[in-house]
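Survey of secondary and tertiary structure
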Amino acid sequence: MYIRATKTHTRDGKTAKSYRLSRSVRIGDKVRQETLLNLGVDYPVPKAQWRDVVLVTELLLAGRRPMLPVPPDIEAAAEDLVRRLRTVGLGPPEPERRGRERAVATVDLDTLEHDDSRSAGGERVCLVGLAELGFQDLLHELGVRGRDARIATALVVAKMLHPSSEREALRWLREDSAALELLDLDRGKALSLQKLYRTGDVLWRLRRELQAGLFRRERELLELPDTIVFYDLTNTWYTGRSDKELLRFGRSKEGRKHPLVTLALSLDSAGFPRGCEVLAGDVSEPATLRAAMERFEAEVGGGDRAKPTVILDAGIATQENIDWLRERGYGWTCVSREVRPAPPAGEADITLTTSAKQEVMAWRLTGDEEEVRLYAVSEGKRATEEAMLGRFRERYETALRHLHEGLTIPHRRKRYEKVLDTVGRLRERYRQVSAQYEVDVKQGAGPNATAVVWRRTKRYGARDAGAGSYLLRSSHTGWGTEQIVRTYWRLTEIEATFRSLKTELGLRPIWHVKHSRIAAHLFLAVLAYHGVHLIRTRLKARDIPLSWDGIRTRLRPWVRMTTTVRETNGRLIVNRQDVRPPAQVARIARAVGVEPHHHRRRTRRKSDPNTQT
């Protein structure tokens, strides 16, 4: 086979190139070109890759796979050609069944039906990830029985692939997913909503043992160093009423005024959770560090064991917490809470490049024997801050313009004193930029204002010298400047973790009322994140840097369905199997240890009682 380009005429009379997949056939004593597929005028594969694509296509058509690794784009193009060839009757042959005779039957194709289609690709990938973590084995060690351990696994898989309430998770497991079938839970006693609730309660009671066991397994799998602990908090909101114990009114990260509950999470340098705790919604962030580190010491043990470095953001890095860490022998690195000083004079000591290809300049300031300070300026952070200031300026001017125009519109604010109050509130709301403007409210002969006039001052065009800068503090006086900066950058793993928990794993909102169920809801998201982060780590190591949402989306076409067809003698053939996943999906599956062509088929025959045989 080969790909060739031929000239073709478009509807407007112009000529263009049309691409075709062809092969040479001998008819008598002559060789002819036979077109197998018309690839269209916009075939995206570069000409330099045509030969490789055709070679891989021929291997797949012969029922074999390449011995050497194939680039993903070439494999995807070849899989696409195989799929299209299959539709015209040129697909790969069925694999030989070793150890038994081929099943041959004469069937009536008019009776062919497909039904009970359920998602299977995401479930297979998640189950392999949880199996690699030894999740069910750990539950067995903790006294959870076989079926209950499988139900707990199904609950975590539902949180990974379809984050929702237990009621919606039960519907998804029963109607949309093949997880119950893959876990052998689709036969026997039916799964109930109360069983899912009680399973969540059991997981929450075993949280300390589960967290310690999962993190121990992750360290063994990936050889993670036990040198750094990242600590941070996030909150999630509840739509019901508050109480005096856990759900307390507060302002969420999005600015909502809701009853909140707080999740405190400590992670290692690779972003794997080391421990979590559910706290009251109005908890003070700095006040939680000491209790969290004491729990950490109780879990990992003390003695002569070297204590890790604790990485803190500015919200937790109070001087009191830093003094406590110093007294307990912990190393630490954080962003200073004090007002940042003026940029240092002279060239930076070092210039670093982030993973986003942005430059960061760092100066090592004078320090003492207990602490070193660094001044860092990020071009990306500076651009972000300046963009934010631009948006604040635009909103401030829009609000002033709206106030001025309302002076001549009925039922809008006009009283001089009220207009002054409104200007004062706007100055407070946009305090980041209001000092860059002079605002004057004019008053006529009556009690009403006649105009709201503003102008930009010289400060408006002046660039903030401290934009994009931050001051780092560290107890590691012997570390180099680059090591301190790059170590602190890893704190972004916590931010990515919380984003994944909140947006991809359904951390919020909360649908429960009982405190134990609220805690179990949050802990299930943390358990799901263990599996998600291991899968993403495996994929990143194989150059597949996808978000979890992107992985779920790509795995969605991989489904499992039942095919029924009647033989001519009246017997019914029922075949349950996975569809053949596309090349990109197969690449993701193989990267985490799932062979998409294994365990594809479960075939059985049964007699149709309504048909005479």
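All values reported here derive from a predicted model rather than from experimental measurement.

**Focus: the nonpolar core**
The tendency in soluble globular proteins is for nonpolar side chains to be buried side by side. Among the nonpolar cores identified, the biggest contains 77 residues, and Phe135, Met160, Leu203, Leu501 and Trp548 are the most heavily contacted of them. Examining the composition of this core, we find that 15 residues originate from one element, helix α17 (residues 515-541), more than from any other. With near-sequence residues (within four places) excluded, Met160 lies in contact with Cys126, Leu130, Leu505, Ala528, Gly531, Val532, Ile535, Trp548 and Arg552. Ranked by size, the runner-up nonpolar core spans 20 residues in total, among them Ile3, Val53, Val56 and Ala77.

**Quick word on the pairing of strand β12 (residues 359-364)**
Sheet analysis places strand β11 (residues 350-353) next to β12, joined by 4 bridges and oriented antiparallel. Counted as the bridge partner of Leu352 is Val360 from β12. In this antiparallel pair of consecutive strands, β11 and β12, the connection spans 5 residues, and Lys357 shows a positive phi of 65°. Both β12 and strand β13 (residues 372-378) contribute to a ladder of 5 bridges, which runs antiparallel.

**Looking at helix α2 (residues 72-87)**
The terminal C-alpha atoms of α2, which comprises 16 residues, lie 23 Å apart, in line with the 22 Å expected from a rise of 1.5 Å per residue. Within the span of α2, buried status applies to Ile74, Glu75, Ala77, Ala78, Glu79, Leu81, Val82 and Leu85. Structurally, α2 contributes buried residues whose contacts are with β2 (15-27), β3 (30-40), α1 (50-61) and α19 (583-591). Just downstream of α2 lies Gly89, where phi reads positive at about 90°.

**Thoughts on a positive patch on the surface**
Taken together, the side chains of Arg413, Lys418, Arg425 and Arg429 define a basic patch exposed on the protein surface. Mapped onto the secondary structure, Arg413 falls in the loop between α12 (379-405) and α13 (416-429).

**Notes on the pattern of salt bridges**
For the structure shown, the criterion picks out 33 salt bridges. Taking the shortest distance from any N to any O, the salt bridge between Glu75 and Arg590 comes out at 3.6 Å. Taken together, the residues span a long stretch of sequence, with Glu75 in helix α2 and Arg590 in helix α19 at a distance of 515 residues. Note on Glu75: relative accessible area 10%, which makes it buried. In this structure, Asp323 engages Arg326 in a salt bridge whose closest nitrogen and oxygen atoms are separated by 3.1 Å. Placement of both Asp323 and Arg326 in helix α11 (residues 319-327) is noted, with a separation of 3 residues, approximately one turn of the helix. For Asp323, a relative accessible area of 28% puts it in the partly exposed group. On the basis of relative accessible area, Arg326 is assigned to the partly exposed category, the value being 27%. It is possible to trace a salt-bridge network through shared partners that takes in Asp116, Arg118, Arg124, Glu181, Arg560, Arg576 and Asp578.

**So, the packing of helix α3 (residues 121-132) against α17**
Running from N to C, α3 and α17 cross one another at 100°; their axes reach a closest spacing of 9 Å. Here α17 runs roughly perpendicular to α3, going by the angle between their axes. Contacts between α3 and α17 involve Val125, Cys126, Gly129, Leu130 and Glu132 on the former and, on the latter, Gly531, Leu534, Ile535 and Arg538. Considered class by class, the residues forming the contact of α3 with α17 number 5 nonpolar, 2 polar and 2 charged.

**Notes on the pairing of strand β17 (residues 559-567)**
Most of β17 sits out of view: 8 of its 9 residues are buried. Sheet topology places strand β4 (residues 107-119) next to β17; 7 bridges connect them, and they run antiparallel. Bridge pairing links Ser119 to Val559 in β17. Remark: 4 residues form the turn of the hairpin made by β17 and strand β18 (residues 572-578), two consecutive strands paired antiparallel; Gly570 in that turn has positive phi of roughly 100°.

So, how was this worked out
Residues numbered from 1 in each chain as written. Predicted model: local features only at pLDDT ≥ 70, side-chain atom pairs only at ≥ 80, totals over all residues. Heavy atoms only, no water. Core = buried A, V, L, I, M, F, W, Y, C linked by side-chain atoms within 4.5 Å. Buried < 20%, exposed > 50% of the residue type's maximum accessible area, 1.4 Å probe, protein only. Helix = DSSP H or I, 4+ residues; strand = E, 2+ residues; numbered from the N terminus. Contact = heavy atoms within 4.5 Å. Pairing = 2+ DSSP bridges. Expected span 1.5 Å × (residues − 1). Patch = residues over 30% accessible without salt bridge, like charges linked within 9 Å, V, L, I, M, F, W, Y side chains within 5 Å. Areas by Shrake-Rupley, 256 points an atom, 1.4 Å probe, with all protein chains shown as cover. Salt bridge = Lys/Arg side-chain N within 4 Å of Asp/Glu carboxyl O. Lys, Arg positive; Asp, Glu negative; His and termini not counted. Charge placed at Lys NZ, Arg CZ, Asp CG, Glu CD. Axes fitted to C-alpha atoms, helices over the stretch in contact; angles between N-to-C directions. Parallel < 35°, antiparallel > 145°, perpendicular 65-115°, else oblique. Nonpolar A, V, L, I, M, F, W, Y, C, P; charged D, E, K, R; others polar.

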